Amino acid sequence: MKESAIQFVKKVVFTTTLAFFLISFVYIGTFALIGKNMHGGLQSFFQFFSYVFGKLYLCIFPFSLCLGFLNRLMEKKSNRAVLRVIHFLLGFVAYFIFMDLLFNYLYLMEGETVAFRQILLHTLPYFVFYPITLWITALGRAIFLPKEKKEFKSILD
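Model, not experiment: these values are computed from the prediction.

**A look at the packing of aromatic side chains**
Throughout the structure, instances matching the rule amount to 16 aromatic pairs. Summarising the aromatic geometry, the rings of tyrosine 126 and phenylalanine 127 are spaced 5.9 Å apart at their centres and angled 85° between planes, so their arrangement reads as edge-to-face. With a centroid separation of 5.4 Å and an interplanar angle of 40°, the aromatic rings of tyrosine 126 and tyrosine 130 are classed as tilted. Taken together, the residues span about one helical turn, with tyrosine 126 and tyrosine 130 both in helix α4 (residues 116-144) at a distance of four residues. Just as tyrosine 126 is buried, tyrosine 130 falls in that class too. Through a chain of ring-to-ring contacts, three or more aromatic side chains come together here, namely Phe63, Phe88, Phe92, Tyr95, Phe96, Tyr126, Phe127 and Tyr130. Its guanidinium or amino end placed over the ring of phenylalanine 103, lysine 55 lies 4.1 Å from that ring's centre, counting from NZ or CZ.

**With respect to the pattern of salt bridges**
Considering all chains together, one arrives at two salt bridges under this definition. We note a salt bridge from lysine 11 to glutamate 75, for which the minimum N-O separation is 3.4 Å. Here glutamate 75 lies in the loop between α2 (45-70) and α3 (80-105) and lysine 11 lies in helix α1 (residues 2-34), a separation of 64 residues in the sequence. Glutamate 75 gets classed as partly exposed once you look at its relative accessible area, which sits at 36%. Residue arginine 72 pairs with glutamate 75 through a salt bridge whose shortest N-O separation is 3.0 Å. Taken together, the shared-partner salt bridges connect Lys11, Arg72 and Glu75 into one network.

Cut-off values and rules
- Residues numbered from 1 in each chain as written.
- Predicted model: local features only at pLDDT ≥ 70, side-chain atom pairs only at ≥ 80, totals over all residues.
- Heavy atoms only, no water.
- Phe/Tyr/Trp six-rings, centres within 6.5 Å; stacked < 30°, edge-to-face > 60°.
- Helix = DSSP H or I, 4+ residues; strand = E, 2+ residues; numbered from the N terminus.
- Buried < 20%, exposed > 50% of the residue type's maximum accessible area, 1.4 Å probe, protein only.
- Lys NZ or Arg CZ within 6 Å of the ring centre and 35° of its normal.
- Salt bridge = Lys/Arg side-chain N within 4 Å of Asp/Glu carboxyl O.

Put into structure tokens, the structure is as follows:
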């Protein structure tokens, strides 16, 4: 029992770390390309660092942690379609809370608001990247994790 708890924690930590790294890489890359003049001008190093650091550890990390736990659902041997739907819905709830609402409202300037249309627009990446991630994962498993070869057994025996 103790061994399975340790394996569970290792899997959650690995998935969380991987998701956090990949999402952070995309976020920082996007910010480097289009975020130079956010909030009306150049920012000091401290403002930039606190903005990026806040977004990374108050939004992206909790979402990655949720993914770490949610991905353990798929290890169960029950109905995979139901588990996939539950995974999708709970993943969307986590995305909406951490990557949409909190991400948008974390550093609003005085008097700024976030439009409902903007919130809906920010949910779009989840619906785009979720199936892409599933396809890439399935392809990677097919290539790198070959299925076990079973010993041939004749039906006549």
